[in-house]
Each structure stands twice: as C-alpha cells, then as structure tokens.
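Residues per chain are reported as follows:
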Amino acid sequence: MNSRRPCPEAPSRLPLVLLHLLLSLLLPAPSSRADPASDLHGLFQREWERQLEENPTWASRLGDRRWNTRWPDLSVPAFERSHARDKAALEELLRIPREKLGTRDQLNHDLFARELRERIEAFPHAWWTVALDQRWGFQTSDELASSLRLLQVQDFEDWLARMRALPAHGRQTAALLREGIRRGRSEERRVGKECRSR
C-alpha cells in the first residue's frame, strides 16, 4: 500500500483498514478510560478523523461536509507531515498492551499496525508523487459532483468555492508530477496518453 498516494477520486485505494476502524468505533465504548481498549478506540477515532481531513473529497463522498470547499493538499510538505503522523500513530499503537485487548480489538490492533508499517515503509519510494493515472486524478475531478449531496444552499456555495480552488489544485498536481519525475517516479507513457485523451 502506498503511503498516502494522492488518489482523492478513488476511495477504494484508501487504506482498507479504515473500514475495520470505522466498525470498531461503532462498538460500545469501554467504561474505564484507563482500559487499553479505550486507548485503542481513541486512537482509531483520531486517525479516522485525520484520514477524512487529509482526503477532503473522499470525506465529501461519504457525506461529511466539513471540508466541502477543499481539495487534498498535494504538496510535498503535506505528504511529509502525513508520514510523520503515521510514525507517531504507530508508536502510540505499540504502546497499547495488545495482550490486554479482547480478540476483536487484537485483530484491529494487528491490522492497523500492518497498515501503518506498510505506509511508512512505502513512503521513501515516493510513489505518492504519481498524482494521476488513466482512472483517477485531476482529469477526473468533474466526476466528484455526481457523488455529492447538493441539497442546501451551503452545499452549492461550497461547491463553487471548491471550483474556484480547482486551478490551484491543478498547479499543485503538476508540481507533484514534476517532483515525481525528478525522483524517477512516473507512469509509463501509455498511461500518460490515456490521461491526456480524457
């Protein structure tokens, strides 16, 4: 799994473990804050919120309107911050005594640890600089509208604000692609031709 690869228009590429995290949040909260399970669920909650904030278009698709005016931050510093937060999350996770968790939470603990380790290990390879391919990327930004709930005046105002920010998002995408080329990371030529034809 790539480390926060910029794929805001492809939610299926986001960490699958988030589904497990969401399910775990629906379980009854432990009564004691000192309980390791409470610590685990608190970490899951914060990381879920982080994923939504870092992937605002995905959050919008899920019906969360808090970041409806934003595109993902595709700057290199943003990816570096996310990488640092992954490492901090793993450190916090490993401080939670796994042996004191129930069977379900032990599984969630293991899945999340694996997900974080894979993202951390993948980051130096810089595949997150490949900002588009033939299926998703800046060229498919128009597809977002069909998956949004445009029901209130604020929804339309948010959409217009997001559209006004689209040129800057495009420039950021181009800058990330140039960074990928500098690092020797780019899709093969056939993919580039398919992207340009859209």
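How each quantity is defined
Residues numbered from 1 in each chain as written. Predicted model: local features only at pLDDT ≥ 70, side-chain atom pairs only at ≥ 80, totals over all residues. Heavy atoms only, no water. Phe/Tyr/Trp six-rings, centres within 6.5 Å; stacked < 30°, edge-to-face > 60°. Buried < 20%, exposed > 50% of the residue type's maximum accessible area, 1.4 Å probe, protein only. Helix = DSSP H or I, 4+ residues; strand = E, 2+ residues; numbered from the N terminus. Expected span 1.5 Å × (residues − 1). Contact = heavy atoms within 4.5 Å. Salt bridge = Lys/Arg side-chain N within 4 Å of Asp/Glu carboxyl O. Axes fitted to C-alpha atoms, helices over the stretch in contact; angles between N-to-C directions. Parallel < 35°, antiparallel > 145°, perpendicular 65-115°, else oblique. Nonpolar A, V, L, I, M, F, W, Y, C, P; charged D, E, K, R; others polar. Left-handed = near helix turned anticlockwise from the far one by under 90°.

(A) Representation of the packing of aromatic side chains in the model. In the structure shown here, the tally under the stated rule is four aromatic pairs. Seen from their ring centres, F123 and W128 are 5.0 Å apart, and the 15 degrees between their planes marks the pair as stacked. Each member of the pair, F123 as well as W128, carries the same accessibility label: buried. Within the aromatic cluster, the residues linked to one another by ring pairs are F79, F123 and W128.

(B) Quick look at helix α7 (residues 166-182). Look at α7: 24 Å from first C-alpha to last across 17 residues, which is about the 24 Å you get at 1.5 Å a residue. All of the buried residues in α7 are L166, H169, G170, T173, L176, E179 and G180. Buried positions along α7 lie against α4 (76-95) and α6 (153-164). At the exit of α7 stands G184, carrying a positive phi of roughly 80 degrees.

(C) Molecular detail of the pattern of salt bridges. Summed over the entire model, instances satisfying the criterion amount to 15 salt bridges. Here E92 ties to R46 by a salt bridge, and the two come within 2.2 Å at their closest N and O atoms. In this pair, E92 is assigned in helix α4 and R46 in helix α2 (residues 36-54), connecting sequence segments 46 residues apart. For E92, a relative accessible area of 25% translates into the label partly exposed. We classify R46 as partly exposed; its relative accessible area is 44%.

(D) View of the environment of L132. Position of L132 among the secondary structure elements: in the loop between α5 (103-122) and α6. For the pair L132 and S186, spaced 54 residues apart in the sequence, the C-alpha separation amounts to 9.4 Å.

(E) Examining α5 more closely. Taking 1.5 Å of rise per residue, the 20 residues of α5 would be expected to cover 28 Å, and the 29 Å separating its terminal C-alpha atoms lies within 8% of that figure. Where α5 is concerned, the buried positions are D105, Q106, N108, H109, F112, A113, E115, L116, R119, I120 and A122.

(F) Structural detail: the environment of G170. Mapping G170 onto the fold places it in helix α7. Placed 29 residues apart in sequence, G170 and S141 show a C-alpha to C-alpha distance of 9.8 Å.

(G) Summary view of the packing of α2 against α4. The contact between α2 and α4 brings their axes to 11 Å, and the two run at 170 degrees. When the axes of α2 and α4 are compared, the pair comes out roughly antiparallel. On α4, the residues that touch L40, L43, R46, E47, R50 and E54 of α2 are S82, R85, D86, A89, E92 and L93. Here the residues of the contact of α2 with α4 are counted per class, giving four nonpolar, one polar and seven charged.

(H) Spotlight on the packing of α4 against α5. Contact geometry of α4 with α5 gives a least axis separation of 9 Å together with a crossing angle of 150 degrees. Of the possible angle classes, the one that applies to α4 and α5 is roughly antiparallel. For the pair α4 and α5, the sense of crossing is left-handed. Residues H83, D86, K87, A89, L90, L93 and L94 of α4 form the contact with α5, whose participating residues are H109, F112, A113, L116, R117, R119 and I120. Considering only residue class, the contact of α4 with α5 consists of eight nonpolar, two polar and four charged.

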